[in-house]
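One letter stands for each residue in the lines below.
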Amino acid sequence: MEIVIADTPDAVAGIAADILAGYARKGATLGLATGSTPLKTYQELIRRHQAGELSFAHCHAYLLDEYVGLSREHEQSYYRTIRTELTDHIDIADENVHSPDGTTGNPMQAARDYDALIAASGGVDVQVLGIGTDGHIGFNEPGSSLSSRTRLKTLHPQTVTDNARFFGGDEDAVPFHVITQGLGTIMEAGHLLMIVTGAAKAEAVAAFVEGPVAAICPASILQFHQRATVIVDQDAAAQLQHSEYYRYALDHKPEGQDF
Ligand code: F6R
C-alpha cells in the first residue's frame, strides 16, 4: 500500500481528484463510494469539469452499495445521493451510472445480478473507498468473509448510529439491510483509492494499515491488493506507528514507480 499523509481534508481531496482525473481522461470505469468522506473530492472533480478541464463522457461508474427498501427517489438512497453529489454535475451519461437495486422483492438476486454486471462490464479500474469507524469498506461489516461477493448484509449497530446523521439523527429511519459489493468483488478493481479524514477514523486507519489482515477489520484486506493508495489527513493518521516512514518513502519514491 502507498500511504499518503496530507495536511488537510482539502489536500486529501486534491490528491484523490488528481488520481481520478487521470482515470477519467482514459474513459475508465470508476467505482464510487457515497458517505461524507469523498464529497470534497467529488466537488473538486465537478469544479474541474465545469472549468472545462475534465470530461467523464467516456466513463462508466459503479456504486459500492445501496440501502435495501429505500426508493430510488429517496434522498438518502445511494442511487439518488451519487447523482446529487456528483454525476448530475458532470458529463457522464446517466445510463452509465450503476448501483445495486435495493427496491426489488429479491435483494439477494439483485446482489448477484449486480456482481455479474460489474464482471461483464470488464470490471472497475479505480475504486474509491471510505472506511467506517468499525473498519468496514462498502458495507462489509466486521466478520465479513474476506472473499465475499456482492450480497445482502445487515448493518452493524455502530454503522446505523454513524449514519443516522443522514436521516435527521433518527436511527430508526436507517435501513438495517443493505446490498454491498463483497470484499472479493472490491479486490478485483485495478486500483483501490481509500480516502480517510478526521480523528474519529484514526483507530480504524491504524488497524487496517498496520494491524493483521483479519475479517474483524474488513479494510485490512487492502494489504493484499497490489495497487492500493491510502490518502489520509493528519488527524486520521494520528495513530499510525510508521507515519514518518510513509512520508519518507513518498519523498524517496523510485522514479516511474507508482509505489
Ligand atoms: C459508502 C460506503 C461506506 C462509507 C463509510 C464511511 O458507499 O461504502 O463504506 O465509505 O461508511 O462513511 P463516511 O465517509 O460518511 O464516514
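These notes cover the structure that comes with them. The model shown is predicted, which means the values in this text are computed figures rather than measured ones.

Looking at the pairing of strand E2 (residues 29–32)
The side chains of a regular strand alternate between the sheet's two faces.
Okay, step 1: Burial of the side chains of E2 extends over both faces: Thr29 and Gly31 are buried on one face and Leu30 and Leu32 on the other.
Okay, step 2: Pairing of E2 with strand E3 (residues 60–63) involves four bridges; the strand directions are parallel. Paired with Gly31 across the strands is Tyr62, a residue of E3.
Okay, step 3: For the crossover that starts at E2, traverses helix H2 (residues 39–50) and ends in the parallel E3, the hand is right-handed.

Notes on the site of the ligand
Okay, step 1: Inspection of the region around the ligand gives 15 residues, with Thr37, Asp65, His136, Gly138 and Lys201 positioned closest.
Okay, step 2: Thr34 places a side-chain nitrogen or oxygen 2.8 Å from an oxygen atom of the ligand.
Okay, step 3: In isolation the ligand has 410 Å² of accessible area, and contact with the protein removes 94% of it.
Okay, step 4: Residues that form the shell around the ligand fall into these classes: four nonpolar, eight polar and three charged.

Notes on the sheet that holds strand E4 (residues 65–67)
Okay, step 1: Taken in spatial order, the three strands of this open sheet run E4-E8-E7, and their pairing is antiparallel. Among the strands making up the open sheet, the edge pair consists of E4 and strand E7 (151–154). When the angles between neighbouring strand axes are averaged without regard to direction, this sheet yields 30°.
Okay, step 2: Bridging between E7 and strand E8 (residues 177–180) involves four bridges; their strand directions are antiparallel. Across the sheet, residue Leu152 finds its bridge partner in E8, namely Ile179.

Some words on the pattern of salt bridges
Okay, step 1: Tallying each qualifying case throughout the model produces 10 salt bridges.
Okay, step 2: Between Glu244 and Arg247 there is a salt bridge; the shortest N-O distance is 3.2 Å. A residue pair is termed a helical-turn pair when its members lie 3 or 4 positions apart in one helix, as Glu244 and Arg247 do in helix H8 (residues 243–251) at three residues.
Okay, step 3: Note on Glu244: relative accessible area 56%, which makes it exposed.
Okay, step 4: A residue is classified by how much of its surface remains accessible, and Arg247, at 27% relative accessible area, is partly exposed.
Okay, step 5: Connected via shared salt-bridge partners are Asp18, Glu44, Arg47 and Arg48.

Some points on the packing of aromatic side chains
Okay, step 1: By the definition in use, this model includes six aromatic pairs.
Okay, step 2: Taken together, a centroid distance of 4.9 Å and an interplanar angle of 50° make the contact between Tyr67 and Tyr78 tilted. On the criterion of sequence distance, the pair formed by Tyr67 in strand E4 and Tyr78 in helix H3 (residues 78–85) is long-range, its members being 11 residues apart.
Okay, step 3: For Tyr67, a relative accessible area of 1% gives the class buried.
Okay, step 4: Ring geometry for Tyr78 and Phe139: centres 6.0 Å apart, planes at 20°, overall stacked. In this pair, Tyr78 sits in helix H3 while Phe139 sits in the loop between strand E6 (126–129) and E7, placing the two residues 61 residues apart along the sequence.
Okay, step 5: With relative accessibility at 6%, the residue Tyr78 sits in the buried group.
Okay, step 6: Here Phe139 falls in the buried class, since its relative accessible area comes to 3%.
Okay, step 7: Taken together, the ring pairs in this structure connect Tyr67, Tyr78, Phe139 and Phe167 into an aromatic cluster.

Quick notes on the rules
Residues numbered from 1 in each chain as written. Predicted model: local features only at pLDDT ≥ 70, side-chain atom pairs only at ≥ 80, totals over all residues. Heavy atoms only, no water. Buried < 20%, exposed > 50% of the residue type's maximum accessible area, 1.4 Å probe, protein only. Helix = DSSP H or I, 4+ residues; strand = E, 2+ residues; numbered from the N terminus. Pairing = 2+ DSSP bridges. Right-handed = clockwise from strand over helix to strand, strands pointing away. Near = heavy atom within 4 Å. Polar contact = N/O pair within 3.5 Å; in protein donor to acceptor, adjacent residues only side chain to side chain. Areas by Shrake-Rupley, 256 points an atom, 1.4 Å probe, with all protein chains shown as cover. Nonpolar A, V, L, I, M, F, W, Y, C, P; charged D, E, K, R; others polar. Axes fitted to C-alpha atoms, helices over the stretch in contact; angles between N-to-C directions. Salt bridge = Lys/Arg side-chain N within 4 Å of Asp/Glu carboxyl O. Phe/Tyr/Trp six-rings, centres within 6.5 Å; stacked < 30°, edge-to-face > 60°.

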